[in-house]
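Here are the chains, one letter per residue:
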Amino acid sequence: MKNLFKIIAISLMMIIINSCTSQNVLPNQKVTSLLQSGEFTFLAERANPTNFDVINVLSSLPGGGSSQILNLDYGYTLTLKKNEVVAVLPYFGRMFSPTFDNEKNSYRFTSKDFNINETMGKKGSVIYTITPKDLQNVRAIILEVFKNGKAYLNIDGNDRQPISYDGYIMENAVIKK
């Protein structure tokens, strides 16, 4: 009887813990339809800076650990459409030609002239390599989307160190008129 009670208690605790975690996973059919349409939005949840100065500063803050991952607020996105790519993403790292305008120090741009290459990755993921032609400080944008909707974004710039983001994809927001 005690073993049965322990099994029920452990099962109940596992159910409660599992329900408390965030589940940002899309069904496989939804992910497939978004990838086939070629129009979707990547929502960044975490930023992964590669500069050790930024990592050292984060580690020295009170309560800061040795992790190099920054949790982001809702709303930092990369939107892919047939005729444009729109990015609204923060940047943490070393810039080689910074400006006093904070809008230009982060990744906030719209590209209407770009090449996009789609390849299959490991374990069924899809890798999009986007090369904008009308932006002078973005060399390549690499987006890897997995079967469950999770995604990994890497931006390689000409005037700054690379940065990557973790997040997931979702449908583009419909603008109501």
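Criteria and thresholds
- Residues numbered from 1 in each chain as written.
- Predicted model: local features only at pLDDT ≥ 70, side-chain atom pairs only at ≥ 80, totals over all residues.
- Heavy atoms only, no water.
- Helix = DSSP H or I, 4+ residues; strand = E, 2+ residues; numbered from the N terminus.
- Contact = heavy atoms within 4.5 Å.
- Buried < 20%, exposed > 50% of the residue type's maximum accessible area, 1.4 Å probe, protein only.
- Polar contact = N/O pair within 3.5 Å; in protein donor to acceptor, adjacent residues only side chain to side chain.
- Core = buried A, V, L, I, M, F, W, Y, C linked by side-chain atoms within 4.5 Å.
- Arc of directions from axis to C-beta.

Chemist: For the environment of Gly-38, give the residues involved together with the corresponding values.
Modeler: As for its position among the elements, Gly-38 is in the loop between α2 (28–37) and β1 (40–49). Taking C-alpha positions, Gly-38 is 6.7 Å from Lys-82, a pair spaced 44 residues apart along the chain. Setting aside chain neighbours within four positions, we find Gly-38 in contact with Leu-80, Lys-81 and Lys-82.

Chemist: Quick one: what's the story with unusual backbone geometry, residue by residue and with numbers?
Modeler: Both trends apply: most residues other than glycine have a negative phi, and most peptide bonds are in trans. Residue Lys-123 is not a glycine yet carries a positive backbone phi of 55°. Assignment of secondary structure puts Lys-123 in the loop between β6 (114–120) and β7 (126–132). On the basis of relative accessible area, Lys-123 is assigned to the exposed category, the value being 78%.

Chemist: Residues and numbers for the side chain of Asp-166, please.
Modeler: Its location among the elements puts Asp-166 in strand β10 (residues 163–170). Asp-166 gets classed as buried once you look at its relative accessible area, which sits at 17%. Among the polar contacts listed, one links the side chain of Asp-166 to the side chain of Asn-48, at a separation of 3.3 Å. With sequence-adjacent residues up to four places away left out, Asp-166 is seen in contact with Phe-42, Leu-43, Ala-44, Glu-45, Arg-46, Asn-48, Ala-151 and Tyr-152.

Chemist: Residue-level account of the nonpolar core, with values.
Modeler: Among the nonpolar cores identified, the biggest contains 33 residues, and Phe-40, Tyr-107, Leu-143, Val-145, Leu-153 and Tyr-165 are the most heavily contacted of them. Non-local contacts of Tyr-107, meaning those with residues more than four positions away in its chain, are made with Ala-87, Val-88, Leu-89, Tyr-91, Val-138, Ile-155, Gly-157, Arg-160, Ile-163 and Tyr-165.

Chemist: Hey, could you go over α2 for me, with residue numbers and the actual values?
Modeler: All of the buried residues in α2 are Val-31, Leu-34 and Leu-35. Relative to the axis of α2, the buried residues are bounded by an arc of 95° and lie together on one face. In this structure, α2 carries Gln-29 and Gln-36 as exposed residues pointing more than 90 degrees from its buried face. Summarising the contacts, the buried residues of α2 are in contact with β1, β7, β8 (138–145) and β10.

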